[in-house]
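The residues making up each chain are set out below.
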Amino acid sequence: MCGSAGVVERPERTAQGYRRFRCRACGKQFNERNGGLLNRTQYPSDVIALVVLWRLRYKLSLRDLTEMFLVRGIVFSHEAVREWEAKLTPALAEDLRRRRRGHIGPSWYVDETYIKVHGEWRYLYRAVDRDGALVDVMLSERRDLAAAKAFFRSARTVTGVVPDRVASDGHDAYPAAIRSELGKAVRHRTNAYLNNRLEQDHRGIKDRYRPMRGFKGVTSAGRFCRAFDEVRGFLRVRVVHHQHVHADRRRLRHLRRTVTVLAILEAA
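What you are looking at is a predicted structure, and each value in this text was computed from that prediction instead of being measured.

Participant: Looking at this model, I keep getting lost on helix 1 (residues 45–57). Mind explaining?
Facilitator: Along its 13 residues, helix 1 runs 18 Å from first to last C-alpha, staying within 8% of the 18 Å computed at 1.5 Å per residue. Across the 13 residues of helix 1, 10 count as buried, placing the element largely inside the fold. Buried residues of helix 1: S45, V47, I48, A49, V51, V52, L53, W54, R55 and L56, and no others. On its buried face, helix 1 sits against helix 2 (62–71), helix 3 (78–99), helix 7 (203–209), helix 8 (218–234) and helix 9 (247–267).

Participant: Is there a simple way to think about the nonpolar core in this case?
Facilitator: As a rule of thumb, nonpolar side chains are buried together in soluble globular proteins. Within the largest apolar cluster, 42 residues are counted, with the highest numbers of intra-cluster contacts made by V51, F76, W84, L92, I115, F215 and L265. Looking at this core, the elements with two or more residues in it are helix 1, helix 2, helix 3, strand 4 (107–117), strand 6 (134–140), helix 7, helix 8 and helix 9. Counting residues per element, this core draws most heavily on helix 1, at eight residues. For I115, the residues in contact, after removing those within four places along its chain, are E120, W121, R122, L124, L139, I205, Y209 and F215. Counting residues in hydrophobic clusters, the runner-up holds 22 residues, among them W108, V135, A147 and V161.

Participant: How should I be thinking about the side chain of R122 in this particular structure?
Facilitator: Within the element layout of this structure, R122 appears in strand 5 (residues 120–129). On the basis of relative accessible area, R122 is assigned to the buried category, the value being 16%. Among the polar contacts listed, one links the side chain of R122 to the side chain of E120, at a separation of 2.8 Å. Setting aside residues no more than four positions away along its own chain, R122 makes contact with T113, Y114, I115, V117, L139, S140, E141 and V218.

Participant: I keep staring at the pairing of strand 7 (residues 165–168) and nothing clicks. Help me out?
Facilitator: Consecutive side chains of a regular strand alternate in pointing toward one face of the sheet and then the other. The pairing of strand 4 with strand 7 spans three bridges and is parallel. Directly across from W108, in strand 7, lies its bridge partner V166. With four bridges joining them, strand 7 and strand 8 (residues 187–190) adopt parallel strand pairing. Residue pairing in the sheet places R165 in a bridge with R187 of strand 8. Regarding the hand of the β-α-β motif, the stretch spanning strand 7, helix 5 (residues 173–181) and strand 8 is right-handed.

Conventions and cut-offs
Residues numbered from 1 in each chain as written. Predicted model: local features only at pLDDT ≥ 70, side-chain atom pairs only at ≥ 80, totals over all residues. Heavy atoms only, no water. Helix = DSSP H or I, 4+ residues; strand = E, 2+ residues; numbered from the N terminus. Expected span 1.5 Å × (residues − 1). Buried < 20%, exposed > 50% of the residue type's maximum accessible area, 1.4 Å probe, protein only. Contact = heavy atoms within 4.5 Å. Core = buried A, V, L, I, M, F, W, Y, C linked by side-chain atoms within 4.5 Å. Polar contact = N/O pair within 3.5 Å; in protein donor to acceptor, adjacent residues only side chain to side chain. Pairing = 2+ DSSP bridges. Right-handed = clockwise from strand over helix to strand, strands pointing away.

Shape is all these values report; function is a separate question.
Given below as structure tokens:
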């Protein structure tokens, strides 16, 4: 788009129904998707957004999604799903990360779990607060002081919160990383039972990635794990642990937040 004040909308639309525009000054033509991540994509934005959401949310392979949409008369390859995921998930994750800035509690639970990438075990650092809300997630090739520092630095930046307490396992790198990145005033607790809630929370990514039979690269694995956890955390209907939410309210919350996620993906 040239940004000229002489841009007018044309009466015809693209094959996918998007509005078309023309600049009177330079004669350039464009549609409402020009300049976005989905520019030059032949499929409607709402279809692509739904594919990416289902890819993150449910235990579906790339080929499962192609078959599901084929029944509905929409034909694309599994490589197209992979490409859409790579394009849209970083933008979705960053948008959701901005939305929860300043809304995380002061008590953090930190742990790392194992993810297999190209046949080798890698370390997925994760943290939640007392109510189970996601603090941050980061995939690392190593489990050392540098990785722990990078994780706490990222968590502090994305949340805008410095916690009062951090609970973790007995990993030797955590005390020094907490003092370095969060400050000496933060209370660090280690106990075999304190992190039970986070150990249970690991099941989300574990259950999702097992049907995928691992990842092929560190970059794609980190991108998927971050987007998965961000979407999963955003679609939570309970604000605190064991909160009772009526079925009709759960449906309404889920629907509203799903619409928000789809809108973010379509606008990317």
